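Observations on chain architecture
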Amino acid sequence: MLVVAVLATVSGCGEEGASSPEGDSGGASFDGVVLDLTDRYVTERGEMTASRDMSGFESVEAQVIAADGAVQTFPGALSADGSRWEIPEVPEGEYWLVTISAPDERAVDAPKGRAMLQATSRTVDLGRSFAGRPDGGEATQDVDVALTADGLKPWHQVSRDAEGELVQPLQDSIELYSFNVDAFALLYPEEGTEGAPADEGTACSGWAFNWRDAVYPASHDGERPLVDGSQGDVLHVTQLVEHQAAPPSGETDPRDPWSSLTYQAAEASFPTREVIMQDGEALALGGSLAPLALSSFAADLRISRFAAQLTAHAPAALSSASTSVALYQEPGSDAPLYGWTPTLFHAQVASLREPVDATCFPHDGTCDPQLCPDGCNDALSMVHPGDHAATYPYGNPYAGRGMELLDVRVSFSTRVTHPVEESQEVLRGFVSVVVSADEANGVAVEPRLGLPRDLRIGGESLPADAVIEGTGATPTITFEPPDLGAPDGYHVVIFLQDDIKSADGEVLSQRTSVLGVDTAETTVKVPAGVLESGRYYSAQVTAYLGTHTREAPARYRGAAFAQAQSYTGMFTP
């Protein structure tokens, strides 16, 4: 699934309203700035649009900032039909669109969400283009499914001996996908699961699972969708076969992450239009998988250039890093849609941690005092995968719609402890590029954007593994642009790292966005009212290229784009 971290705070309010012709905001022409939210849905039976209720915003305004820093504010008003916000008298030229969303009504002491977009257009549409129909049913109760199928490729099932040692390390999976209702589920059976395929087996019989638990939330409404063939929903049942790749050097090298690579590829599948799911009712799902015609992808991955960005500009205290390579079927024809995307090929390798000084590293708690007169050195350094070239086979049962895309991503993270709650928090970053699989086949793939550099708050550097106190309530976030590529802009997010809980103590969110800023600048002033004394926050900055336009900041504009994201440690005002 593709994700663009653009105006996440402002694009999820309200419910779908009545359908309207695309581009019609539902009101008369207006002299000023208009904030619209018209979603587009691409389905098996055509396209439709729907305007969402925008009353979920507490306020919308435009701000014009003069060269001397003076701010002129233009408040907006919700239109009579609730379909758009209208902001009169905004002068031509650049302005900031500012929205404030109500806090989660289930929570105690939850923050409001604020988003700011640097814009010039007289109309801004926060709507998205979604995969699938918006009127699907929701699984609110158990939907017990029994899967019976033959025609599987000889199944790989992880197994261990009596001592717990791996006997068979590979694990196949079954992917269930229906574009028309944005339904996606992935099944990994445990050894001994009743009805699931046995190792080397080619069939399953009565393999039981709960659809409500297995299916991912639909992208347009967060509900667990029900597949209904009478509404045009086609459910694909696909086997992803895991393989052990041949080591690049011909033998396994523990210092080379690629030498122990495993990957999954789509190799057998069947579609069905006969599935009609009813909430709370059991369902028998059956069919015969047919082998897929296999294509070849010649990967030429310049991972060393991705890793160079981490070495030079990622936070110093990394806990982990990994490289993922994925081919997937994007159902959009020209630009990605928001929705789940089925897997064609996927591989992932982890970066390794090695002793800085192998001679004096205390492998057994001690080291040789003659070789190590200064004592043991337990410091570790992170070793990232290098470049990788290999050819991989995969099948595609979805080729009738959309396009094949390649996503290459090097991710990294830092685990930190919350200073009050003592919970483990994970701060995440990445460098990624998405391109057409056809264009990348046999061609060198390398990053197009580097990481934002030297993130600071109030002029102070914030190490990822430290907590900074006393930043003030309205600090200024600054950073340097990437040293690779020319970004279209940046998305700066302030996260509240404190748990948000309901009245009965249920944790609703472990981190919450309190400010999202979409800007072309490398300086962001945190407005008053965002940061609260006694609470802990972190900042995240994502550089982006080719993802969206400022007139439609929540819609993808093309199939090729790049992003690079970094972060600060925690801070409190």
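Numbering of residues begins from 1 in every chain and follows the order in which that chain's sequence is written. Local features are withheld for residues below a pLDDT of 70 in this predicted model, meaning they are given only at 70 or higher, and side-chain atom pairs are given and counted only at 80 or more; totals for whole chains, interfaces and linings count all residues. Side-chain metrics rest on all non-hydrogen atoms present in the structure, leaving aside hydrogens and water.

All right, on to the sheet that holds strand β23 (residues 294-301) then. One open sheet accounts for 3 strands, arranged β28-β23-β31; its pairing is mixed. This sheet does not close on itself; its edge strands, each paired only once, are β28 (388-395) and β31 (444-445). When β23 meets β31, the two strands line up parallel, connected through 2 bridges. Bridged to L301 within β31 is V445. Pairing between two strands is assigned when DSSP locates at least 2 bridges connecting them. To qualify as a helix, a DSSP run of H or I must reach at least 4 residues; to qualify as a strand, a run of E must reach at least 2; elements of each kind are numbered from the N terminus.

Two cysteine sulfurs form what is called a disulfide whenever their separation falls within 2.5 Å. Enumeration according to the criterion identifies 2 disulfides in this entry. Through a disulfide, C360 is tied to C372; the S-S separation comes to 1.9 Å. Taking the torsion about the S-S bond as the criterion, the C360 to C372 disulfide, at about -105 degrees, is left-handed. Residue C360 is located in the loop between β26 (352-355) and β27 (380-383), and its partner C372 is located in the loop between β26 and β27; the two are separated by 12 residues in the primary sequence. C360 sits in the buried class, given a relative accessible area of 6%. The buried label goes to any residue with under 20% of its type's maximum accessible area, the exposed label to any with over 50%, and the partly exposed label to all in between, with areas taken from a 1.4 Å probe on protein chains only. With a relative accessible area of 4%, C372 lands in the buried category. Covalent S-S linkage joins C367 and C376, the inter-sulfur distance amounting to 2.0 Å.

Looking at the element boundaries, T38 is found in strand β3 (residues 38-43). In this structure T38 comes out as buried when scored by relative accessible area, which is 3%. Along the primary structure T38 and R84 are separated by 46 residues, whereas in three dimensions their C-alpha atoms are 9.2 Å apart. The criterion used for residue contact is that any of the two residues' heavy atoms lie within 4.5 Å. Among residues more than four places away in sequence, those in contact with T38 are T49, A50, S51, D125, G127, R128 and R555. For this analysis, a polar contact is any N or O atom pair within 3.5 Å, provided that within protein one partner can donate a hydrogen and the other can accept it, and provided that sequence-adjacent residues contribute only side-chain to side-chain pairs. Among the polar contacts made by the side chain of T38, one reaches the side chain of D36 at a distance of 3.3 Å.

Turning next to unusual backbone geometry. One non-glycine residue, D109, lies in positive phi territory at about 60 degrees. Position of D109 relative to the elements: it lies in the loop between β9 (95-101) and β10 (113-119). For D454, which is not a glycine, the phi torsion comes out positive at approximately 55 degrees. Residue placement: D454 occurs in strand β32 (residues 453-457). Relative accessible area serves as the criterion here: at 39%, D454 is assigned to the partly exposed category.

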